[in-house]
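# A structural walkthrough
Chain residues, written in single-letter form:
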4 protein chains.
Amino acid sequence: MTAKITKPASKAPRKKAAPAPADEDGTRSRILNVAIQEFSRLGLSGARIDEIAAETGANKGMIYYYFGNKEGLYVAALEESYTRFRQIEHGFHLDELPPIPALRALVGSTFDYHAQHPEFIRMVMTENIHNGEYIRKIPTLKAINKPAIGLLEGLCARGVEEGVFRPDVDPVDLHMSISALSFYNVSNQHTFSFIFGRDLKAADVHAKRREAVIDMILRYVRA
Amino acid sequence: MTAKITKPASKAPRKKAAPAPADEDGTRSRILNVAIQEFSRLGLSGARIDEIAAETGANKGMIYYYFGNKEGLYVAALEESYTRFRQIEHGFHLDELPPIPALRALVGSTFDYHAQHPEFIRMVMTENIHNGEYIRKIPTLKAINKPAIGLLEGLCARGVEEGVFRPDVDPVDLHMSISALSFYNVSNQHTFSFIFGRDLKAADVHAKRREAVIDMILRYVRA
Amino acid sequence: MTAKITKPASKAPRKKAAPAPADEDGTRSRILNVAIQEFSRLGLSGARIDEIAAETGANKGMIYYYFGNKEGLYVAALEESYTRFRQIEHGFHLDELPPIPALRALVGSTFDYHAQHPEFIRMVMTENIHNGEYIRKIPTLKAINKPAIGLLEGLCARGVEEGVFRPDVDPVDLHMSISALSFYNVSNQHTFSFIFGRDLKAADVHAKRREAVIDMILRYVRA
Amino acid sequence: MTAKITKPASKAPRKKAAPAPADEDGTRSRILNVAIQEFSRLGLSGARIDEIAAETGANKGMIYYYFGNKEGLYVAALEESYTRFRQIEHGFHLDELPPIPALRALVGSTFDYHAQHPEFIRMVMTENIHNGEYIRKIPTLKAINKPAIGLLEGLCARGVEEGVFRPDVDPVDLHMSISALSFYNVSNQHTFSFIFGRDLKAADVHAKRREAVIDMILRYVRA
DNA sequence: GATGAATGAGCGTTCATTCAT
DNA sequence: AATGAATGAACGCTCATTCAT
């Protein structure tokens, strides 16, 4: 995975990640969906090109045709995972709510997305195991994630203005705390559940944890 | 042909799993130390038996002699990582401090251990990628981790008694929050640092984050 | 770690197990022929995948591509050996001869085939060393061998009818005797030749033995 | 197994195969007994030194101490198997019987010994798979087996003299036929039983086959 | 005699990748 | 676009053998 991969060059189509729904059930799309499942399930070195091809119902050659090599496919899967993740924010209309309910909604939604998309969490875990080596190759990634901070900045400013938030809360730091509490619940669920005998997926445990996380964030920012 | 799939069982020495410091530079110990580095660096499927043997300065066969197979070595490395981790608590003397400083110390120490032992964080990440499949094979693990909760329970009770803590904080939930905030800082540092352009390892960033985490936990439990 | 022990299943081509002579010099065919030589020469555990691939002039991976694993290749080689063996009977036209010359011809031909195909004898020896474990996985094998008994049944019936054979000879038992006497001559030639100082491959010894076997069978069935 | 084994030299004890019952439960004896089981069960390349040592309850080193190497142990096991086999003849008192009952007894006993000692048959099969390469290293082997022919020679002579046997039967040839019919029944039982659906170990099948073999030999020699 | 640890060569198998069609 | 066949490097693991004690 390191020295083995001579730059692919990917002489092929790479239609800019072709996000158009037109290709929705095209071979490329199907490969990408299966790849997300497999990479998130087994990691970069654990996933198998053969397996991905087989589950896609396509030939192995197609993967190389569209993505150059295993690394190229992984990078595409990683980018797609982040793209889908950040699209939740498009659904927010925080401006229509007062700061506290708005923050409550944002934390809750973030927590829920994590819970509902373990494959995203696992992609991020895998990428961190690889020291973020591949995410650096995705130039769009920073842009994709920036709005998240913007949203929080606006919200914090409004909260401070209205006197309900502390003035000394760093939005990036706040974002990190929300992420950490939402992420850990999924990322570490297997070890935590086993060690402490508390099934994090159980409905009541999950609901209580969700409230605790929201509560913790709110107590942290409150004036 | 058939006998090949017999469970490893590691008929060899396994001198009580915890090789006393006397054995510190024995072959088994050296293998285990290298294994922790390699598994944490590359994951279960990414690590190479050959590489571990070479770095140990031992013969490949020794790994099988002492640990049965790659999985056996991984499990041993995982167990050892947890054992070392939980030994920090032996250094705590929380009873000698009032609840708030005690909690502050505990959170700070936890945060620091995580920051100073990325190989432990990475072992846990890897294990969660594998759905906690291997941790379940370590019967001692629950016992190793139980004291952490006991400590927090005592502390919470004392804090409530003294009127400085809220009475409705669940110690396991609190433990989880402390862990999450400490863990994420290391586990997700590569993606986070890249995406938000904030180097989590930089001294000032790290110090500020440490304070923020302590602050968040304290605000959460305060009466 | 887990997926490793999935049954081979040989998801590959297996073009009806019996590669038509058209495929005679295809890679699969060449592998199979070399495999018969190697397994018969060295047994299942003694034969080497590397060696078979090298002698085939093919890549080792091709063996796994076509046959799944070493065992799959061995089973295919065993089946092919039996198939070739039983085809000798297609050349018999026993009905055109009176019972005694017909039986004489059949015994002689059987004896000769064994003598001329030591690789078949050795495959069968190897399989018996393995307690017939693999032959049971070849569903066609019984069908392949059944005609041999049919032939003898017909011959015996005719011989009894014509009054030249005893009526109480069991065809399966007779088949077994013919096989035993033909088989042993090849299977045990090395130990027998050494111990009793009689080279079973020497032309005169061989011819005399051939006659003795035919004679013994004829004396056994004669009325 | 071929080039790998540089002449052992076996600087150790090798007390002339130490057949003395005094050593009966000594380490060497136990190793040898286990070796016969393992080599006959799995062949030369299939048997494992580790396994033999483990089942013996001894250390692997002991095998090398007493037998030099794997090949030396195999040769010793082979020799011991033949020695035990030929001792049945010591129990015969054929002179006390008329030729026909005597031959009947001899064939029956031979058939029975084979049936009761499959480990011997399997050792001989294994040795023939190896082209008798190792038996040649046992100088005593010819002497061990010679009496078998002497016995038959005497019996044939007596039978001819008394006018009950044909005069043109070659004793070695006769010995071979008796061996072949007795050997095949055990050596090929797995393939034969499977292919023809007749369990050769079933009591009635076995008894009938025993009679058929005796009958066949008698019809062959009868005047 | 006996043991546990160690070695090195090699074995069966996997897998990312390529290529002719 | 798509396929089946082919390749080569490497990987996890085994095993006969040796050696210090």
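Since the model is a prediction, treat every value here as computed from it, not as a measurement.

### Some thoughts on the overall build of chain A
On a plain count of helices and strands, chain A comes out with 10 helices and 0 strands. In sequence order, the secondary structure elements of chain A are arranged as α-α-α-α-α-α-α-α-α-α. Burial analysis of chain A (223 residues in total) assigns 54% to the buried set. Long-range contacts, defined here as pairs at least 24 residues apart, represent 75% of the contacts in chain A between residues at least 6 apart. Of the roughly 9900 Å² that chain A leaves accessible, carbon and sulfur atoms contribute 54%.

### Topic: the protein's contact with DNA strand F
With respect to spatial proximity, 30 residues lie near DNA strand F, and among them Lys60(B), Asn59(C), Tyr65(C), Arg48(D) and Lys60(D) are the closest. Sugar plus phosphate: this is where 63% of the atoms of DNA strand F within 4 Å of the protein reside. Interatomic distance of 2.3 Å between a side-chain N/O atom of Tyr65(C) and a phosphate oxygen of DNA strand F. One nitrogen or oxygen atom from the side chain of Arg48(D) is found 2.4 Å from a phosphate oxygen belonging to DNA strand F. Those elements that provide at least two residues to the surface near DNA strand F are helix H3 (60-67) of chain A, helix H3 (60-67) of chain B, helix H3 (60-67) of chain C together with helix H3 (60-67) of chain D. For the surface near DNA strand F, the residue count by class is 14 nonpolar, 7 polar and 9 charged.

### Quick look at the relation of the copies chain B and chain A
Of the transformation placing chain B onto chain A, the axial shift is 0.0 Å and the rotation is 180°, giving an RMSD of 0.1 Å. Taken together, the turn and the small shift mark the pair as related by a two-fold rotation axis. Here 100% of the contact residues of chain B are again contact residues in chain A; the copies associate through an equivalent surface.

### Re the protein's contact with DNA strand E
The local shell around DNA strand E holds 32 residues, among which Arg48(A), Lys60(A), Tyr65(B), Lys60(C) and Lys70(C) are the closest. By atom count, sugar and phosphate contribute 64% of the portion of DNA strand E lying within 4 Å of the protein. Between DNA strand E and Tyr65(B) there is a distance of 2.3 Å, counted from a phosphate oxygen to a side-chain nitrogen or oxygen. Within the contact set of DNA strand E, a sugar or linking oxygen lies 3.2 Å away from a side-chain nitrogen or oxygen of Tyr66(D). Counting residues per element, the ones that place at least two in the surface near DNA strand E are H3 of chain A, H3 of chain B, H3 of chain C together with H3 of chain D. Looking at the surface near DNA strand E, the element that brings in the most residues is H3(D), giving 5 residues.

### A closer look at the packing of aromatic side chains
Scanning the entire structure with this criterion turns up 44 aromatic pairs over all chains. Between Tyr82(B) and Phe120(B), the ring centres sit 5.3 Å apart and the planes meet at 85°, which makes this aromatic pair edge-to-face. Note that Tyr82(B) is positioned in helix H4 (residues 70-86) and Phe120(B) in helix H6 (residues 118-129), a separation of 38 residues in sequence. On the accessibility criterion, Phe120(B) (3% relative accessible area) is buried. Through successive ring pairs, a cluster of aromatic residues spans Tyr82(A), Phe85(A), Tyr113(A) and Phe120(A). Cation over ring: Lys142(A) sits above Phe194(B), and NZ or CZ is 5.1 Å from the ring centre.

### A closer look at the side chain of Ser177(A)
Mapped onto the secondary structure, Ser177(A) falls in helix H8 (residues 171-187). If we ignore the near neighbours within four places in the chain, the residues touching Ser177(A) are Ile217(A), Leu181(B), Arg209(B) and Met216(B).

### Some details on the UniProt feature "DNA-binding region" (unreviewed entry) in chain A
Within the UniProt annotation, "DNA-binding region" (unreviewed entry) is assigned to residues 48-67 of chain A. Split by type, residues 48-67 of chain A is 80% helix and 0% strand. Its first and last C-alpha atoms lie 14 Å apart.

### Description of the environment of Leu200(A)
Its location among the elements puts Leu200(A) in the loop between helix H9 (189-196) and helix H10 (203-221). Taking C-alpha positions, Leu200(A) is 35 Å from Arg28(A), a pair spaced 172 residues apart along the chain. Those residues in contact with Leu200(A), other than ones at most four positions away along the chain, are Asn185(A), Gln189(A), Phe192(A), Ser193(A), Val205(A), His206(A) and Met176(B).

### Considering the pattern of salt bridges
With the rule as written, the count across this model stands at 52 salt bridges over all chains. In this structure, the salt-bridge partner of Lys137(B) is Glu71(B), at a minimum N-O distance of 2.6 Å. With Lys137(B) in the loop between H6 and helix H7 (141-161) and Glu71(B) in helix H4, the pair connects residues that are 66 residues apart, well separated along the chain. Residue Glu71(B) is classed as buried on the basis of its relative accessible area, which comes to 18%. Residues Lys60(D) and Asp50(D) are paired through a salt bridge, measuring 3.5 Å at the closest nitrogen-oxygen approach. Taken as a pair, Lys60(D) in helix H3 and Asp50(D) in helix H2 (residues 49-56) lie far apart in primary sequence, 10 residues in all. If you follow the salt bridges from partner to partner, you end up with Arg104(A), Asp112(A), Arg210(A) and Glu211(A) in one network.

### Observations concerning the relation of the copies chain D and chain C
By a simple turn and slide, chain D fits onto chain C: the slide is 0.0 Å along the axis, the RMSD is 0.1 Å, and the turn is 180°. When the interface residues of chain D are mapped onto chain C, 100% of them again lie at the interface, so the same face is used by both copies.

### Let's talk about the interface of chain D and chain C
With 56 residues of chain D at the contact, the number on the chain C side is 56 residues. For the pair chain D and chain C, the summed buried surface comes to about 5100 Å²; carbon and sulfur atoms form 65% of the total. Of all residues in chain D, Ile129(D), Met176(D) and Phe194(D) give up the largest surface area on contact with chain C, accounting jointly for 15% of the area buried on that side. Applying the counting criterion to the chain D and chain C interface returns 18 residue pairs in polar contact (both at pLDDT 80 or more). Residue classes in the side of chain D that touches chain C are distributed as 23 nonpolar, 17 polar and 16 charged.

### Here we look at unusual backbone geometry
Located in the positive-phi region is Asn131(B), a residue other than glycine, with phi close to 60°. Using a relative accessible area of 34% as the deciding quantity, one classes Asn131(B) as partly exposed.

### Remarks on the interface of chain B and chain A
Between chain B and chain A, the contact holds 56 residues from the first and 56 residues from the second. Summed over both sides, the interface of chain B with chain A buries roughly 5100 Å², with 66% coming from carbon and sulfur. Interface area lost by chain B to chain A is led by Ile129(B), Met176(B) and Phe194(B), which between them contribute 14%. Seen at the junction of chain B and chain A, the total is 6 salt bridges. A salt bridge links Arg166(A) to Asp215(B); the nearest nitrogen and oxygen atoms lie 3.8 Å apart. Our count for the chain B to chain A interface comes out at 20 residue pairs in polar contact (both at pLDDT 80 or more). Those elements giving two or more residues to the side of chain B that touches chain A turn out to be helix H1 (27-46), H4, H6, H7, helix H8 (171-187), helix H9 (189-196) and helix H10 (203-221) of chain B. A per-element tally of the side of chain B that touches chain A places H8(B) first, with 12 residues.

Thresholds applied
Residues numbered from 1 in each chain as written. Chains lettered and ligands numbered in written order. Predicted model: local features only at pLDDT ≥ 70, side-chain atom pairs only at ≥ 80, totals over all residues. Heavy atoms only, no water. Helix = DSSP H or I, 4+ residues; strand = E, 2+ residues; numbered from the N terminus. Buried < 20%, exposed > 50% of the residue type's maximum accessible area, 1.4 Å probe, protein only. Contact = heavy atoms within 4.5 Å. Areas by Shrake-Rupley, 256 points an atom, 1.4 Å probe, with all protein chains shown as cover. Near = heavy atom within 4 Å. Polar contact = N/O pair within 3.5 Å; in protein donor to acceptor, adjacent residues only side chain to side chain. Nonpolar A, V, L, I, M, F, W, Y, C, P; charged D, E, K, R; others polar. Least-squares fit on C-alpha atoms with pLDDT ≥ 70 in both. Phe/Tyr/Trp six-rings, centres within 6.5 Å; stacked < 30°, edge-to-face > 60°. Lys NZ or Arg CZ within 6 Å of the ring centre and 35° of its normal. UniProt positions renumbered as here; feature names shortened; annotations may be inferred. Salt bridge = Lys/Arg side-chain N within 4 Å of Asp/Glu carboxyl O. Buried area = accessible area lost by both parts, 1.4 Å probe.

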